[in-house]
2 protein chains.
Amino acid sequence: MEICPSNALPVRIGDKWTAWVVRLLEHGPRRFTELRKDMGRVTPKVLTETLRAMERDGMLTRTEFDEIPPRVEYELTELGHSLRALLDHTCAWTRENLPLIEAARRANDEADHARTA
Amino acid sequence: MEICPSNALPVRIGDKWTAWVVRLLEHGPRRFTELRKDMGRVTPKVLTETLRAMERDGMLTRTEFDEIPPRVEYELTELGHSLRALLDHTCAWTRENLPLIEAARRANDEADHARTA
DNA sequence: CGGGATCCATATTGATACTG
DNA sequence: CAGTATCAATATGGATCCCG
(Lines give C-alpha, C1' and ligand atoms only; values in the text may rest on other atoms or scores of the structure.)
Protein backbone atom coordinates (compact mmCIF):
# COMPACT_ATOMS: atom_id res chain seq x y z
CA MET A 1 0.00 0.00 0.00
CA GLU A 2 1.31 3.44 -0.91
CA ILE A 3 1.34 5.90 1.93
CA CYS A 4 1.11 9.45 0.81
CA PRO A 5 4.19 11.59 1.21
CA SER A 6 2.72 13.49 4.15
CA ASN A 7 5.24 11.69 6.29
CA ALA A 8 7.94 13.63 4.54
CA LEU A 9 6.56 17.13 4.68
CA PRO A 10 5.18 19.53 5.95
CA VAL A 11 2.00 18.50 7.70
CA ARG A 12 1.97 16.06 10.53
CA ILE A 13 -0.98 14.29 12.03
CA GLY A 14 -0.25 13.49 15.64
CA ASP A 15 3.14 11.93 16.16
CA LYS A 16 5.37 10.29 13.63
CA TRP A 17 3.37 7.09 13.19
CA THR A 18 -0.24 8.16 13.71
CA ALA A 19 -1.07 8.78 10.08
CA TRP A 20 0.37 5.43 9.13
CA VAL A 21 -1.83 3.66 11.64
CA VAL A 22 -4.89 5.46 10.34
CA ARG A 23 -4.09 4.28 6.82
CA LEU A 24 -3.59 0.70 7.89
CA LEU A 25 -6.86 0.63 9.79
CA GLU A 26 -9.04 2.43 7.29
CA HIS A 27 -10.49 -0.77 5.84
CA GLY A 28 -11.09 -2.60 9.08
CA PRO A 29 -9.55 -3.91 12.29
CA ARG A 30 -5.98 -5.19 12.41
CA ARG A 31 -3.81 -6.94 14.93
CA PHE A 32 -0.71 -5.61 16.63
CA THR A 33 1.75 -7.69 14.69
CA GLU A 34 0.04 -6.98 11.37
CA LEU A 35 0.45 -3.29 11.98
CA ARG A 36 4.00 -3.72 13.04
CA LYS A 37 4.92 -5.72 10.00
CA ASP A 38 3.34 -3.23 7.60
CA MET A 39 4.96 -0.15 9.10
CA GLY A 40 8.58 0.38 8.21
CA ARG A 41 10.66 -0.04 11.31
CA VAL A 42 8.64 0.54 14.40
CA THR A 43 9.76 -0.90 17.64
CA PRO A 44 6.98 -2.50 19.66
CA LYS A 45 7.49 0.12 22.33
CA VAL A 46 6.83 3.02 20.00
CA LEU A 47 3.92 1.31 18.30
CA THR A 48 2.36 0.63 21.67
CA GLU A 49 2.78 4.24 22.67
CA THR A 50 1.20 5.42 19.47
CA LEU A 51 -1.75 3.07 19.78
CA ARG A 52 -2.32 3.91 23.43
CA ALA A 53 -2.29 7.62 22.69
CA MET A 54 -4.76 7.17 19.87
CA GLU A 55 -6.98 5.04 22.07
CA ARG A 56 -6.92 7.65 24.78
CA ASP A 57 -7.96 10.30 22.28
CA GLY A 58 -10.85 8.22 21.05
CA MET A 59 -9.36 7.59 17.61
CA LEU A 60 -9.45 3.82 17.89
CA THR A 61 -10.58 1.00 20.10
CA ARG A 62 -8.48 -1.81 21.48
CA THR A 63 -10.21 -5.16 21.84
CA GLU A 64 -8.58 -7.96 23.73
CA PHE A 65 -9.80 -11.50 23.03
CA ASP A 66 -9.46 -14.06 25.75
CA GLU A 67 -7.64 -16.69 23.76
CA ILE A 68 -4.36 -18.50 23.70
CA PRO A 69 -2.30 -17.32 21.98
CA PRO A 70 -3.51 -13.82 22.78
CA ARG A 71 -5.25 -11.73 20.17
CA VAL A 72 -5.80 -7.99 20.21
CA GLU A 73 -7.51 -5.98 17.55
CA TYR A 74 -7.38 -2.28 16.85
CA GLU A 75 -10.15 -0.54 14.99
CA LEU A 76 -10.84 3.06 14.03
CA THR A 77 -13.71 4.82 15.73
CA GLU A 78 -15.90 7.34 13.97
CA LEU A 79 -13.57 10.04 15.18
CA GLY A 80 -10.68 8.08 13.74
CA HIS A 81 -12.41 7.93 10.39
CA SER A 82 -12.99 11.64 10.50
CA LEU A 83 -9.28 12.03 11.03
CA ARG A 84 -8.79 9.89 7.97
CA ALA A 85 -10.82 12.37 5.95
CA LEU A 86 -8.58 15.17 7.12
CA LEU A 87 -5.59 13.06 6.27
CA ASP A 88 -6.93 12.57 2.75
CA HIS A 89 -7.20 16.30 2.39
CA THR A 90 -3.69 17.02 3.57
CA CYS A 91 -2.37 14.24 1.36
CA ALA A 92 -4.04 15.84 -1.63
CA TRP A 93 -2.48 19.17 -0.76
CA THR A 94 0.90 17.56 -0.37
CA ARG A 95 0.70 15.72 -3.66
CA GLU A 96 -0.16 18.98 -5.36
CA ASN A 97 2.41 21.16 -3.66
CA LEU A 98 5.34 19.02 -2.69
CA PRO A 99 6.92 19.36 -6.13
CA LEU A 100 6.79 23.14 -5.76
CA ILE A 101 8.37 22.94 -2.35
CA GLU A 102 11.11 20.69 -3.59
CA ALA A 103 11.76 22.93 -6.54
CA ALA A 104 12.04 25.98 -4.28
CA ARG A 105 14.34 24.07 -2.02
CA ARG A 106 16.59 23.03 -4.86
CA ALA A 107 16.68 26.57 -6.21
CA ASN A 108 17.56 28.06 -2.84
CA ASP A 109 20.17 25.45 -2.09
CA GLU A 110 21.75 26.06 -5.43
CA ALA A 111 21.83 29.80 -4.82
CA ASP A 112 23.45 29.23 -1.43
CA HIS A 113 25.99 26.92 -2.96
CA ALA A 114 26.85 29.44 -5.65
CA ARG A 115 27.39 32.09 -2.99
CA THR A 116 29.66 29.80 -0.98
CA ALA A 117 31.70 28.73 -3.99
CA MET B 1 -5.73 37.82 17.06
CA GLU B 2 -7.05 34.41 17.96
CA ILE B 3 -4.97 31.54 16.69
CA CYS B 4 -6.92 28.39 16.20
CA PRO B 5 -6.25 25.54 18.61
CA SER B 6 -4.34 23.56 16.01
CA ASN B 7 -1.25 24.37 17.98
CA ALA B 8 -2.57 22.18 20.73
CA LEU B 9 -3.62 19.11 18.81
CA PRO B 10 -3.35 16.89 16.72
CA VAL B 11 -2.27 18.31 13.39
CA ARG B 12 0.93 20.17 12.93
CA ILE B 13 2.00 22.28 10.02
CA GLY B 14 5.75 22.25 9.77
CA ASP B 15 7.47 22.88 13.07
CA LYS B 16 6.07 24.43 16.18
CA TRP B 17 5.87 28.01 14.96
CA THR B 18 5.17 27.69 11.25
CA ALA B 19 1.40 27.93 11.46
CA TRP B 20 1.68 30.97 13.66
CA VAL B 21 3.88 32.72 11.13
CA VAL B 22 1.45 31.93 8.34
CA ARG B 23 -1.36 33.50 10.35
CA LEU B 24 0.62 36.63 11.11
CA LEU B 25 1.57 37.11 7.48
CA GLU B 26 -1.74 36.33 5.88
CA HIS B 27 -2.72 39.98 5.50
CA GLY B 28 0.60 41.29 4.28
CA PRO B 29 4.30 41.61 5.00
CA ARG B 30 5.63 42.02 8.52
CA ARG B 31 8.96 42.74 10.08
CA PHE B 32 11.05 40.47 12.26
CA THR B 33 10.35 42.24 15.49
CA GLU B 34 6.64 42.53 14.78
CA LEU B 35 6.44 38.81 14.34
CA ARG B 36 8.45 38.21 17.43
CA LYS B 37 6.31 40.46 19.56
CA ASP B 38 3.07 38.86 18.38
CA MET B 39 4.17 35.28 18.92
CA GLY B 40 4.16 34.14 22.51
CA ARG B 41 7.73 33.51 23.61
CA VAL B 42 9.95 32.85 20.67
CA THR B 43 13.62 33.39 20.98
CA PRO B 44 15.18 35.16 18.02
CA LYS B 45 17.16 32.04 17.24
CA VAL B 46 14.11 29.85 16.84
CA LEU B 47 12.17 32.47 14.93
CA THR B 48 15.08 32.88 12.57
CA GLU B 49 15.28 29.13 12.05
CA THR B 50 11.59 28.95 11.33
CA LEU B 51 11.68 31.82 8.87
CA ARG B 52 14.76 30.50 7.10
CA ALA B 53 13.19 27.06 6.72
CA MET B 54 10.02 28.57 5.33
CA GLU B 55 12.00 30.72 2.95
CA ARG B 56 13.96 27.73 1.76
CA ASP B 57 10.72 25.88 1.08
CA GLY B 58 9.31 28.75 -0.92
CA MET B 59 6.63 29.62 1.63
CA LEU B 60 7.74 33.19 2.09
CA THR B 61 10.20 35.77 0.85
CA ARG B 62 12.69 37.74 2.88
CA THR B 63 13.38 41.27 1.72
CA GLU B 64 16.22 43.25 3.16
CA PHE B 65 16.08 47.04 2.84
CA ASP B 66 19.30 48.96 2.76
CA GLU B 67 18.51 51.41 5.51
CA ILE B 68 19.73 52.42 8.90
CA PRO B 69 18.39 51.11 11.17
CA PRO B 70 18.03 47.89 9.18
CA ARG B 71 14.64 46.72 8.00
CA VAL B 72 13.65 43.26 6.83
CA GLU B 73 10.22 42.20 5.68
CA TYR B 74 8.75 38.75 5.38
CA GLU B 75 5.89 38.05 3.03
CA LEU B 76 3.96 34.94 2.06
CA THR B 77 4.40 33.60 -1.42
CA GLU B 78 1.60 32.00 -3.39
CA LEU B 79 2.69 28.67 -2.00
CA GLY B 80 2.54 30.13 1.46
CA HIS B 81 -1.00 31.27 0.87
CA SER B 82 -1.92 27.84 -0.35
CA LEU B 83 -0.56 26.51 2.91
CA ARG B 84 -2.80 28.99 4.66
CA ALA B 85 -5.79 27.43 2.94
CA LEU B 86 -4.78 24.03 4.21
CA LEU B 87 -4.32 25.51 7.63
CA ASP B 88 -7.85 26.90 7.52
CA HIS B 89 -9.12 23.45 6.73
CA THR B 90 -7.28 21.74 9.55
CA CYS B 91 -8.39 24.49 11.93
CA ALA B 92 -11.97 23.84 10.98
CA TRP B 93 -11.51 20.13 11.60
CA THR B 94 -9.93 20.83 14.95
CA ARG B 95 -12.64 23.21 16.05
CA GLU B 96 -15.20 20.57 15.19
CA ASN B 97 -13.47 17.59 16.70
CA LEU B 98 -11.31 18.78 19.53
CA PRO B 99 -14.21 18.68 21.98
CA LEU B 100 -14.77 15.03 21.08
CA ILE B 101 -11.11 14.25 21.60
CA GLU B 102 -11.07 15.99 24.93
CA ALA B 103 -14.20 14.19 26.03
CA ALA B 104 -12.70 10.83 25.08
CA ARG B 105 -9.56 11.72 26.92
CA ARG B 106 -11.41 12.67 30.05
CA ALA B 107 -13.47 9.50 29.91
CA ASN B 108 -10.43 7.29 29.47
CA ASP B 109 -8.46 9.05 32.14
CA GLU B 110 -11.33 8.66 34.54
CA ALA B 111 -11.61 4.97 33.77
CA ASP B 112 -7.87 4.54 34.38
CA HIS B 113 -8.12 6.42 37.61
CA ALA B 114 -11.00 4.27 38.81
CA ARG B 115 -8.99 1.14 38.05
CA THR B 116 -5.99 2.45 39.95
CA ALA B 117 -8.01 3.50 42.99
C1' DC C 1 16.87 46.42 14.20
C1' DG C 2 17.71 41.90 13.03
C1' DG C 3 19.85 38.75 13.95
C1' DG C 4 24.40 35.08 15.15
C1' DA C 5 26.84 32.10 18.59
C1' DT C 6 26.98 29.10 22.33
C1' DC C 7 25.28 26.15 25.62
C1' DC C 8 21.57 23.57 27.79
C1' DA C 9 16.82 21.18 28.93
C1' DT C 10 13.75 18.12 27.37
C1' DA C 11 10.92 15.48 24.27
C1' DT C 12 10.91 12.07 20.92
C1' DT C 13 12.43 7.93 18.83
C1' DG C 14 15.03 3.85 18.60
C1' DA C 15 17.85 -0.54 20.08
C1' DT C 16 17.89 -4.42 22.65
C1' DA C 17 16.42 -7.84 25.62
C1' DC C 18 12.89 -10.21 28.06
C1' DT C 19 7.92 -12.08 29.53
C1' DG C 20 2.77 -13.61 30.69
C1' DC D 1 1.15 -12.99 20.29
C1' DA D 2 1.39 -8.81 22.25
C1' DG D 3 3.48 -6.56 24.60
C1' DT D 4 7.05 -4.42 28.94
C1' DA D 5 11.54 -2.70 30.73
C1' DT D 6 15.75 -0.43 30.35
C1' DC D 7 18.91 2.31 28.15
C1' DA D 8 20.82 5.20 24.52
C1' DA D 9 20.80 8.42 20.56
C1' DT D 10 19.01 12.40 18.58
C1' DA D 11 16.13 16.10 17.37
C1' DT D 12 13.85 20.09 18.93
C1' DG D 13 13.27 24.13 21.36
C1' DG D 14 14.86 27.46 24.73
C1' DA D 15 18.18 30.63 27.60
C1' DT D 16 21.54 33.84 27.42
C1' DC D 17 24.70 36.93 25.63
C1' DC D 18 26.75 39.43 21.90
C1' DC D 19 27.31 42.04 17.36
C1' DG D 20 27.12 44.92 12.77
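Residues numbered from 1 in each chain as written. Chains lettered and ligands numbered in written order. Predicted model: local features only at pLDDT ≥ 70, side-chain atom pairs only at ≥ 80, totals over all residues. Heavy atoms only, no water.

If you check an unreviewed UniProt entry, chain A appears there as Helix-turn-helix transcriptional regulator from Lentzea tibetensis.

Please explain the overall build of chain A as it appears in this structure.
Broken down by element type, chain A carries four helices and four strands. Across chain A, helices and strands are ordered from the amino to the carboxyl terminus as β-α-β-α-α-β-β-α. Relative to the globule expectation of 13 Å for 117 residues, the C-alpha radius of gyration of chain A, 18 Å, shows a markedly less compact shape. Its C-alpha atoms put chain A at 65 × 25 × 25 Å along the principal axes. Counting over 117 residues, chain A shows a buried share of 41%. When contacts within chain A are restricted to residue pairs at least 6 apart in sequence, long-range pairs at least 24 apart make up 50% of them. The centroid of the 18 positive side-chain charges in chain A is displaced by 4 Å from the centroid of its 20 negative side-chain charges. (Helix = DSSP H or I, 4+ residues; strand = E, 2+ residues; numbered from the N terminus. Rg over C-alpha atoms; globule rule 2.2 N^0.38 Å. Buried < 20%, exposed > 50% of the residue type's maximum accessible area, 1.4 Å probe, protein only. Contact = heavy atoms within 4.5 Å. Lys, Arg positive; Asp, Glu negative; His and termini not counted. Charge placed at Lys NZ, Arg CZ, Asp CG, Glu CD.)

Looking at this model, I keep getting lost on the packing of helix 4 (residues 78-116) of chain A against helix 4 (residues 78-116) of chain B. Mind explaining?
Helix-helix packing is described using two parameters, namely the angle between the two axes and the distance between the axes. Between helix 4 of chain A and helix 4 of chain B, whose axes approach to 11 Å, the crossing angle comes to 170 degrees. On the basis of their axis angle, the class for helix 4 of chain A and helix 4 of chain B is roughly antiparallel. For the pair helix 4 of chain A and helix 4 of chain B, the contacting residues are Leu79(A), Ser82(A), Leu83(A), Leu86(A), His89(A), Thr90(A), Trp93(A), Asn97(A), Leu100(A) and Ile101(A) in the first and Leu79(B), Ser82(B), Leu83(B), Leu86(B), His89(B), Thr90(B), Trp93(B), Asn97(B), Leu100(B) and Ile101(B) in the second. Its residues placed into classes, the contact of helix 4 of chain A with helix 4 of chain B shows 12 nonpolar, eight polar and no charged. (Axes fitted to C-alpha atoms, helices over the stretch in contact; angles between N-to-C directions. Parallel < 35°, antiparallel > 145°, perpendicular 65-115°, else oblique. Nonpolar A, V, L, I, M, F, W, Y, C, P; charged D, E, K, R; others polar.)

When you look at the interface of chain A and chain B in this model, what are you seeing that I'm missing?
Quoted interface sizes are often the accessible area lost when the parts come together. Each partner contributes residues to the interface: chain A has 25 residues there, and chain B has 25 residues. The three residues of chain A that bury the most area against chain B are Arg56(A), Leu86(A) and Trp93(A), which together make up 28% of that side's buried surface. If you look at where chain A meets chain B, you find four salt bridges. Residue Asp109(B) pairs with Arg56(A) through a salt bridge whose shortest N-O separation is 2.6 Å. Within the residue set of the side of chain A that touches chain B, elements represented by two or more residues are strand 1 (11-13), helix 3 (44-56) and helix 4 of chain A. A per-element tally of the side of chain A that touches chain B places helix 4 of chain A first, with 14 residues. (Buried area = accessible area lost by both parts, 1.4 Å probe. Salt bridge = Lys/Arg side-chain N within 4 Å of Asp/Glu carboxyl O.)

Would you mind going over the sheet that holds strand 4 (residues 71-76) of chain A with me for this structure?
Pairing between the strands of a sheet comes from backbone hydrogen bonds, and it takes one of two forms, parallel or antiparallel. Residues and elements named next belong to chain A. Spatial ordering of the open sheet is given by 2-4-3, a layout of three strands whose pairing is antiparallel. Each end of this open sheet is capped by a strand with a single partner; those strands are strand 2 (30-31) and strand 3 (60-65). Strand contacts of helix 3: strand 3 and strand 4, with the helix running at about 115 degrees to strand 3, the strand carrying the most contacts. (Pairing = 2+ DSSP bridges.)

What is the right way to look at the relation of the copies chain A and chain B in this model?
Here the second copy of the chain follows from the first by a rotation about an axis and a shift along it. By a simple turn and slide, chain A fits onto chain B: the slide is 0.0 Å along the axis, the RMSD is 0.1 Å, and the turn is 180 degrees. As the rotation angle and translation indicate, the two copies are arranged about a two-fold axis. Minimal C-alpha separation from the rotation axis in chain A is found for Arg12(A), amounting to 2.4 Å. When the interface residues of chain A are mapped onto chain B, 100% of them are again interface residues, pointing to one common binding face. (Least-squares fit on C-alpha atoms with pLDDT ≥ 70 in both.)

Would you mind going over the packing of aromatic side chains with me for this structure?
The description of two aromatic rings rests on the distance between their centres and on the angle between their planes. If you walk through the whole model with that rule in mind, you get zero aromatic pairs over all chains. It is Arg71(A) that lies over the ring of Phe65(A); its NZ or CZ is 3.9 Å from the centre. (Phe/Tyr/Trp six-rings, centres within 6.5 Å; stacked < 30°, edge-to-face > 60°. Lys NZ or Arg CZ within 6 Å of the ring centre and 35° of its normal.)

Would you mind showing me how to read the nonpolar core here?
With 56 residues, the main nonpolar core has Met39(A) and Met39(B) as its most contacted residues. Beyond its immediate sequence surroundings of up to four residues, Met39(B) is in contact with Trp17(B), Trp20(B), Val21(B), Leu24(B) and Leu47(B). (Core = buried A, V, L, I, M, F, W, Y, C linked by side-chain atoms within 4.5 Å.)

Looking at this structure, how should I read the protein's contact with DNA strand C?
Residues in close proximity to DNA strand C total 21 residues, the closest being Lys16(A), Lys45(A), Thr33(B), Arg62(B) and Tyr74(B). Considering the 4 Å shell around the protein, atoms of DNA strand C inside it are sugar or phosphate in 62% of instances. Lys45(A) is positioned such that a nitrogen or oxygen atom in its side chain is 2.3 Å from a base oxygen of DNA strand C. In this structure, a phosphate oxygen belonging to DNA strand C sits 2.9 Å away from a side-chain N or O atom of Arg31(B). Mapped onto the surface near DNA strand C, the elements with two or more residues apiece are helix 3 of chain A together with helix 2 (32-38), helix 3 (44-56) and strand 4 (71-76) of chain B. Take the surface near DNA strand C: its biggest share by element is four residues, from helix 3 of chain B. (Near = heavy atom within 4 Å. Polar contact = N/O pair within 3.5 Å; in protein donor to acceptor, adjacent residues only side chain to side chain.)

It is not clear to me how the pairing of strand 4 of chain A should be interpreted in this structure. Could you clarify?
Look at any regular strand and the pattern is simple: side chains alternate between the two faces of the sheet. All names here are of chain A. Where strand 2 meets strand 4, two bridges bridge the pair, whose relative direction is antiparallel. Bridging from a neighbouring strand, Arg30 pairs with Tyr74 of strand 4. Where strand 3 lies against strand 4, six bridges are found, and the strand directions are antiparallel. Note on strand 4: the bridge partner recorded for Phe65 is Arg71.

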